[in-house]
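# Report on the structure
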Amino acid sequence: MSASPETLAATRTMNGAEIVLQALKDNGVEVIFGYPGGAVLPLYDAIFHQNAIRHILVRHEQAAVHAAEGYARSTGKVGVVLVTSGPGATNAVTGLVDALMDSIPVICLTGQVPTHLIGNDAFQEADTTGITRPATKHNYLVKDINKLAGVMHEAFYVAKSGRPGPVVVDLPKDILIGKGPYTEAPTTPHRSYRPKTRPEPQAIQAAVRLLKGAKRPIVYAGGGVINAGPEASRLLTEFVRLSGMPCTNTLMGLGAYPAEDRQFLGMLGMHGTYEANLAMHGCDVMLNIGARFDDRVTGRLNAFSPASKKIHADIDPSSINKSVPVDVAIIGDAAATLAALLECWQQDPTPQDRPALAGWWRQIEEWRKTNCLQYRQEGAIIKPQHAVKRLYEITRELGRETFISTEVGQHQMWAAQYFGFQQPNHWLTSGGLGTMGYGLPAAMGVQVAHPDALVIDIAGEASILMNIQEMATLAQYRLPVKVFILNNEYMGMVRQWQELLHGSRYSESYSAALPDFVKLAESFHARGMRVSDPNQLDAAIREMIAHPGAVIMDVLVEKEESCFPMIPSGAAHNEMILGPGQAGGVAGVTDEGKVLV
Amino acid sequence: MPNPSETALRNATIAVLVENEAGILARVVGLFSGRGYNIESLTVAPVDDARRLSRITIVTSGTEMVIEQIKAQLDRLVPVHKVSDLTLEGPHLARELALIKVVSRGENRVEALRLAEAFRARVVDATTESFVFELTGAGDKIDAFCALMQPIGLAEVSRTGVVAILRGPSGLS
Ligand SMILES: Cc1ncc(C[n+]2csc(CCOP(=O)(O)OP(=O)(O)O)c2C)c(N)n1
Ligand SMILES: [Mg+2]
């Protein structure tokens, strides 16, 4: 702070591209995912001249962002993307919105035409800050090289503080070429953006008293716990064990609480377990930590957990009372909040209503007996649920560090239901945006960060084609990602909705003209495998895992299997549809429900 | 049965102190259009050159939950320094400035001037067939003036939208 700009300029004048790279290094960046073009050539030249930062050349800019998301979610660091102007930036937009919806810290550097051409419809010009304004947490267009270093540092601060999210820095080519001062990251607080991370003690105390007095409490934890770092998951586990309460996780929160623990009720929501959803419906006190009452979780709002007092802990004040009014709001980081809850729980003299809790558990055990995730693997066709279950059991038995990503559809829900996550940051899925094509590039980003880990994309045959070009990236960098396709020859989730809501008229949801995935893998220098016989499934899974390189495994599964349990859109938690042969209320879908997605 | 406190609408006049930088207005307006909030009036101008701050005044309406959302959403924009719901914070002054063109002849001109005097509107431009009046006040005063001018030759209106400030010594920053 003491050095004047002149002295800094005298000591560290660089061109814009070098300033960008220096700022990346100073912010701890080791890898960037990118794709070159005219507007970013100066940056690529600067990359050529150094070795500290590794560049991974993707095959489509959308994949660069998903790869950066995978990198970020599996490491807790900020993922960095570099794309050119115009089509490079517009191709990145889906990834940016994906990161925004799932609160993933990503910085996307976009090239831009030189400042004097901005607004002229110049070649490969796009209004990138305009297009990405609603697609990012924040964005910058750098028009003054003296501000470049400051903007770069600020971008990191914004991406990772508070509720994390994607940040775009749009870099006109003349700024990349021009010379200017490099300044270090400021040590003073940001002028305007200072999110609150420490929870209010009064709110913590109010929450603890409600929870201790509860007769039917439940903890509902989401992606915010994952985002707060592994310590938050550890504290969550400690808090839940200490208090003896049941715990459910959202799709984004899987792994925040160990799946194999008795107190874990499984995932909740549209395809959540019977016991999790009924416990949410019937609870009298709910602690939501790091989740946002998403519509996939609440079902019909006016029937959502009607008799409960609700405590909502979130780092983003705009999540509070957005769709569900709550009784106690706690604004803060999930780890800080859980630490405070634990401490207060131990100190507050209010006695806990243990007998009532025991009764609540008896009720939950009754619901559990429904065994809502059961299926029957019989006959000559592999059940998709069984494929995921065996994949889980075999990887657990092998004991290697395993990361799972998914595409979007039924296979994603089966992965969430049947793969048990024992720790955070090992499960990567597109929750908020539901982006088909997410899983393969995300897995790629994970594998870059964890070269020795087992990284598997559980995919659908339709989704995988959306970013299949990334097989070439896997080949180039020898990334041994395994693509495990549950091939039902349908856009299964679409087919399921058509069966349920549109009289089984399977309009455009059949996966016609599929490629031969074995040959496709081979053409991308990977191993291709296919399995259709349930008796060969285990051997095939073991062979896939044992193969040292990338694999596409085409698992031919039951074509018209549906994903259950299901809360149809517009229905309440206690109107869940269970699988064939299981008891439970079958809800008719109302016209109001049909409007919903 | 929806609870009345969840469905009753109210107006809110919200003052927002922001970094005076390119794109800030687009962020605020985009937030309102993207999330389907009402904007009844929005004004913006720099208020502190030394600290590079602008002040945005937004008049909106919605349920209590929506208004809370609007404030929280505004507050999490990176360049926003402070969000204040003047409607809740206490008595405040809200003013608009309007330029009102009236085109008329004969007896109507005299009537226009008489009304202007009653409303303390100033004549800021005059020709043999027209006046431009400048009027400051609360929005309903301007509405009333325009309604009265309608039959006697109201030709054009330009309004600033609402600016507002708390009464008394306490302030926003
Ligand atoms: C980019 C994108 N386009 C469309 C959709 C809508 N959608 C959701 S699931 C799905 C079908 C996915 O099919 P597949 O990958 O085969 O998975 P399955 O449901 O069969 O397991 C579609 C089209 C989407 N989520 N993302
Ligand atoms: Mg499919």
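Residues numbered from 1 in each chain as written. Chains lettered and ligands numbered in written order. Predicted model: local features only at pLDDT ≥ 70, side-chain atom pairs only at ≥ 80, totals over all residues. Heavy atoms only, no water.

## Quick notes on the interface of chain A and chain B
Tallying the contact residues gives 19 residues for chain A and 18 residues for chain B. Here chain A and chain B share an interface that buries about 1,500 Å² over both sides, 53% of which is from carbon and sulfur atoms. Among the residues of chain A in contact with chain B, R133(A), R191(A) and S192(A) are the three that bury the most area, contributing 39% of the side total. Salt-bridge contacts for D316(A) lead to R76(B); the nearest nitrogen and oxygen are separated by 2.6 Å. Of all the secondary-structure elements, those providing two or more residues to the side of chain A that touches chain B are β6 (138–141) and α7 (148–160) of chain A. Residues that form the side of chain A that touches chain B fall into these classes: 6 nonpolar, 7 polar and 6 charged. (Contact = heavy atoms within 4.5 Å. Buried area = accessible area lost by both parts, 1.4 Å probe. Salt bridge = Lys/Arg side-chain N within 4 Å of Asp/Glu carboxyl O. Helix = DSSP H or I, 4+ residues; strand = E, 2+ residues; numbered from the N terminus. Nonpolar A, V, L, I, M, F, W, Y, C, P; charged D, E, K, R; others polar.)

## Thoughts on the nonpolar core
Residue and element names in this part refer to chain A. With 74 residues, the main nonpolar core has L236, F484 and M553 as its most contacted residues. Looking at this core element by element, the count peaks at 7 residues for helix α14 (residues 334–347). Aside from chain neighbours lying at most four places away, what touches F484 is A387, L391, I456, D457, I458, A459, I541, M544, M553 and V555. (Core = buried A, V, L, I, M, F, W, Y, C linked by side-chain atoms within 4.5 Å. Buried < 20%, exposed > 50% of the residue type's maximum accessible area, 1.4 Å probe, protein only.)

## Some words on the pairing of strand β5 (residues 106–112) of chain A
Every other side chain in a regular strand lies on the same face of the sheet, so the side chains alternate between the two faces. Residue and element names in this part refer to chain A. Taken across its 7 residues, β5 has 7 buried, putting it largely inside the fold. Burial along β5 is two-sided: V106, C108, T110 and Q112 and I107, L109 and G111, pointing in opposite directions, are all buried. Pairing of strand β4 (residues 79–83) with β5 involves 5 bridges; the strand directions are parallel. Bridged to G79 within β5 is V106. (Pairing = 2+ DSSP bridges.)

## Some remarks on the sheet that holds strand β11 (residues 264–267) of chain A
Adjacent strands of a sheet form backbone hydrogen bonds with each other and so pair up, either parallel or antiparallel. Residue and element names in this part refer to chain A. Read from one edge to the other, the open sheet built from 6 strands follows the order β11-β10-β9-β12-β13-β14, with strand pairing classed as parallel. In the strand order of this sheet, the two ends are held by β11 and β14 (328–331), each with one partner. If you compare each strand with its neighbour and ignore which way they point, the axes differ by 15° on average. Where strand β9 (residues 217–221) meets strand β12 (residues 285–289), 5 bridges bridge the pair, whose relative direction is parallel. If you follow Y220 over to β12, its bridge partner there is N288. Together, β9, β10 (247–249) and β12 form the strand contacts of helix α11 (residues 230–243), whose direction differs from that of β9 by roughly 170°. Here helix α15 (residues 354–368) sits on the sheet and contacts β9 and β11; the angle it forms with β11, its principal contact strand, is near 45°. (Axes fitted to C-alpha atoms, helices over the stretch in contact; angles between N-to-C directions.)

## As for the domain arrangement of chain B
Residues and elements named next belong to chain B. Under the domain assignment used here, chain B contains domain 1 (4–89) and domain 2 (93–164). Between domain 1 and domain 2, the C-alpha centre-to-centre distance is 29 Å. If you look at the interface, domain 1 gives 7 residues, while domain 2 gives 5 residues. Across the domain 1/domain 2 interface, buried area totals approximately 430 Å², and carbon plus sulfur atoms make up 58% of it. Of all residues in domain 1, S41, T43 and T57 give up the largest surface area on contact with domain 2, accounting jointly for 60% of the area buried on that side. (Domains from an automatic or database assignment.)

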